[in-house]
Amino acid sequence: MISSTFIQGNSILHKADPRLKAIILLSIVVIFFLPLSISAMLILFTGLILLGINSLGLLKALQPVKMILPILIFVIILTPPFFKGGETILIIKNTTILTSEGLFQTLRLILRFTGITVSFYIFFSTTSISSFVLTLEWFKLPYKAALIITIALRYIPSMIIIYNNIKDAHSLRSADNSKKYFWKKLNTVFPTLVSVLIHSIKSIPTLSMALELRGIGCSTKRTQFNLIKSNKMILQITVSGVILLLIILVALYT
Amino acid sequence: MSDKENNSSINNLPAFKIASLAILIAVTTVFTYIIRIPIAPTRGYINFGDVAIFFTAITFGPITAFLAGGLGTALADLFAGYAQWAPITFFAHGLQGLVVGLILRKKINITGLILSFLAATIVMAGIYYITAGFMYGFGPALAEIPGNILQNVAGIAVGVPLAAAVRKAYPPILNYKW
């Protein structure tokens, strides 16, 4: 059992090579930081949303936008006062509230942040976490680092179960978990945290021994059970590279 | 061989380092993602990721705190659906753990605690402010600062007593630093 944000599916993005998707994700982040026009950003953003709808469905594709809505409201409220250039659009009681530059910058920041958020969301919803770790390894992440992440991912669900069991055990011994606010809640949570930490730390020597028995720490190169297949990757890279280049050129000159 | 010698030889093994990092990353992720306490006036939440980072920095040292703090909170961002923050979180919380670990490496006293709190807050809130500024503007990014300071307050207020309580209840942990 490994924790994941992966959503099962059969779309083009689900089938695409994860290394290729990682390269495209990084390229999209870079594109959103280029000095693009609003219309170019809007086209790119719409493309991303359509890709998201195709891969995950409408509700799932819009989920990340819903999650960052409070930040977007902050952007709408707090960005215009910092930009006073251009034509005045809105004045209230002799105070300039919105100028054309303020509007442009607000839209640019909203599209950039939302675009980056949606891209990351689509990537991790269509890429399993084990494929992601293998991709990192392919990008020269050391074997030990990949192993640490894999073990941690394997251990997270077990630790959530341990935490809930210990919390329930403390509740049975009259610790009131229904307290609502910080200090009262903290009083009941603290002993649970101590127990969870001791339980987890006690498992370190056992895990170390298990790793030692499997030869971790030896200098010889290790073989791997799971590998990413390289079928069609060169073709996919070429096609995606051409599409990305076209997007950048169109975006820069729109 | 005494217990202390035995433990110091164990914690030099690559397997021990891998195991302790993996477990502490999982601890940090669960503390960040699962354990949340509501704050009365704002109806917001404080997560316990910073508590785990302060605990790791004090108990296991700066390098472990850097890696476990950075990766643990980055994974929590990933699972919570805020994957766009994960790379930034890795550096913000990783460096936060490193700074706390370096300051509190030798001795834990009031001066050290104040210094570590200030340094951790500046590093963590500073990295988030600068990166958020580039992503969605420096004005809106200001709104994140109070929350980040509050996280550090919770980190030091709960993390330090937690480290002391765990050390008292499970003394072998004293030899786990590497």
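Residues numbered from 1 in each chain as written. Chains lettered and ligands numbered in written order. Predicted model: local features only at pLDDT ≥ 70, side-chain atom pairs only at ≥ 80, totals over all residues. Heavy atoms only, no water.

(A) Representation of the overall build of chain A. Along the backbone of chain A there are 10 helices and two strands. When the helices and strands of chain A are listed from N to C terminus, the series reads α-α-α-α-α-β-β-α-α-α-α-α. A compact globule built from 254 residues would reach a C-alpha radius of gyration of about 18 Å, whereas chain A, at 24 Å, exceeds it by more than 25%. A principal-axis box enclosing the C-alpha atoms of chain A has dimensions of 70 × 55 × 35 Å. Sorting the 254 residues of chain A into buried and exposed places 43% on the buried side. Counting contacts in chain A only where the partners sit at least 6 residues apart, residues at least 24 apart contribute 71% of the total. When the 24 positive and 7 negative side-chain charges of chain A are each reduced to one mean point, those points stand 5 Å apart. (Helix = DSSP H or I, 4+ residues; strand = E, 2+ residues; numbered from the N terminus. Rg over C-alpha atoms; globule rule 2.2 N^0.38 Å. Buried < 20%, exposed > 50% of the residue type's maximum accessible area, 1.4 Å probe, protein only. Contact = heavy atoms within 4.5 Å. Lys, Arg positive; Asp, Glu negative; His and termini not counted. Charge placed at Lys NZ, Arg CZ, Asp CG, Glu CD.)

(B) Representation of the packing of aromatic side chains. What the rule picks out here adds up to 15 aromatic pairs over all chains. Here the aromatic rings of Phe-113 of chain A and Trp-85 of chain B are separated by 5.9 Å at their centres, their planes lie at 55°, and the arrangement is tilted. One end of the pair, Phe-113 of chain A, is in helix α6 (residues 100-126); the other, Trp-85 of chain B, is in the loop between α4 (62-80) and α5 (86-103), on a second chain. For Phe-113 of chain A, a relative accessible area of 0% gives the class buried. Since its relative accessible area comes to 9%, Trp-85 of chain B is described here as buried. Through successive ring pairs, a cluster of aromatic residues spans Phe-113 of chain A together with Trp-85, Tyr-128 and Tyr-136 of chain B. (Phe/Tyr/Trp six-rings, centres within 6.5 Å; stacked < 30°, edge-to-face > 60°.)

(C) Geometry of the pattern of salt bridges. Residue and element names in this part refer to chain A. Here the structure, examined in full by the defined rule, presents one salt bridge over all chains. In this structure, Asp-17 engages Arg-19 in a salt bridge whose closest nitrogen and oxygen atoms are separated by 2.7 Å. On the basis of relative accessibility, which here comes to 5%, the residue Asp-17 falls in the buried class. (Salt bridge = Lys/Arg side-chain N within 4 Å of Asp/Glu carboxyl O.)

(D) Here's a closer look at the interface of chain B and chain A. Taken together, the 53 residues of chain B in the interface contact 57 residues of chain A. Carbon and sulfur atoms make up 88% of the area that chain B and chain A hide from each other, which totals about 5000 Å². Linking chain B with chain A are zero salt bridges, by the criterion used here. Between chain B and chain A we count two residue pairs in polar contact (both at pLDDT 80 or more) in total. Secondary structure elements with two or more residues in the side of chain B that touches chain A: α2 (14-33), β1 (36-38), α3 (49-60), α4, α6 (110-136), α7 (138-141) and α8 (145-169) of chain B. Considering every element that reaches the side of chain B that touches chain A, the biggest residue donor is α2 of chain B, with 15 residues. Of the residues contributing to the side of chain B that touches chain A, the split by class is 46 nonpolar, six polar and one charged. (Buried area = accessible area lost by both parts, 1.4 Å probe. Polar contact = N/O pair within 3.5 Å; in protein donor to acceptor, adjacent residues only side chain to side chain. Nonpolar A, V, L, I, M, F, W, Y, C, P; charged D, E, K, R; others polar.)

(E) Up close: the side chain of Ser-208 of chain A. Counting through the fold element by element, Ser-208 of chain A comes out in helix α9 (residues 182-213). The buried category is assigned to Ser-208 of chain A, whose relative accessible area is 5%. In this view, Ser-208 of chain A contacts Ala-15, Phe-16 and Ala-19 of chain B; residues no more than four positions away in its chain are not counted.

(F) Examining helix α7 (residues 129-138) of chain A more closely. Buried within α7 of chain A we find Ile-129, Phe-132, Val-133, Leu-134, Thr-135 and Glu-137 of chain A. Looking at the buried residues of α7 of chain A, the elements they touch are α2 (18-32), α6 and α8 (143-172) of chain A together with α4 of chain B. Once α7 of chain A ends, the next one or two residues include Lys-140 of chain A, with phi positive near 75°.

(G) Region of interest: helix α4 (residues 58-67) of chain A. For α4 of chain A, the complete set of buried residues consists of Ala-61, Pro-64, Val-65 and Met-67 of chain A. Check the buried side of α4 of chain A and you find it contacts α3 (38-56), α5 (69-78) and α6 of chain A together with α4 of chain B.

(H) Representation of a nonpolar patch on the surface. All names here are of chain A. On the surface, Ile-89, Leu-90, Ile-92, Ile-97, Leu-103 and Leu-107 cluster together to form a nonpolar patch covering roughly 480 Å² of accessible area. Elements with a contribution of two residues or more to the nonpolar patch: β1 (88-92) and α6. Considering each element in turn, the nonpolar patch owes the most residues, three residues, to β1. Within the fold, Leu-107 resides in helix α6. (Patch = residues over 30% accessible without salt bridge, like charges linked within 9 Å, V, L, I, M, F, W, Y side chains within 5 Å. Areas by Shrake-Rupley, 256 points an atom, 1.4 Å probe, with all protein chains shown as cover.)

(I) Structural detail: the environment of Ile-173 of chain B. Positionally, Ile-173 of chain B belongs in the segment after α8. It is 9.9 Å that separates the C-alpha atoms of Ile-173 of chain B and Ala-163 of chain B, two residues lying 10 residues apart in sequence. Once residues lying within four places of it in the same chain are set aside, the contact partners of Ile-173 of chain B are Ile-201 of chain A together with Phe-55, Thr-59, Phe-60, Val-166 and Arg-167 of chain B.

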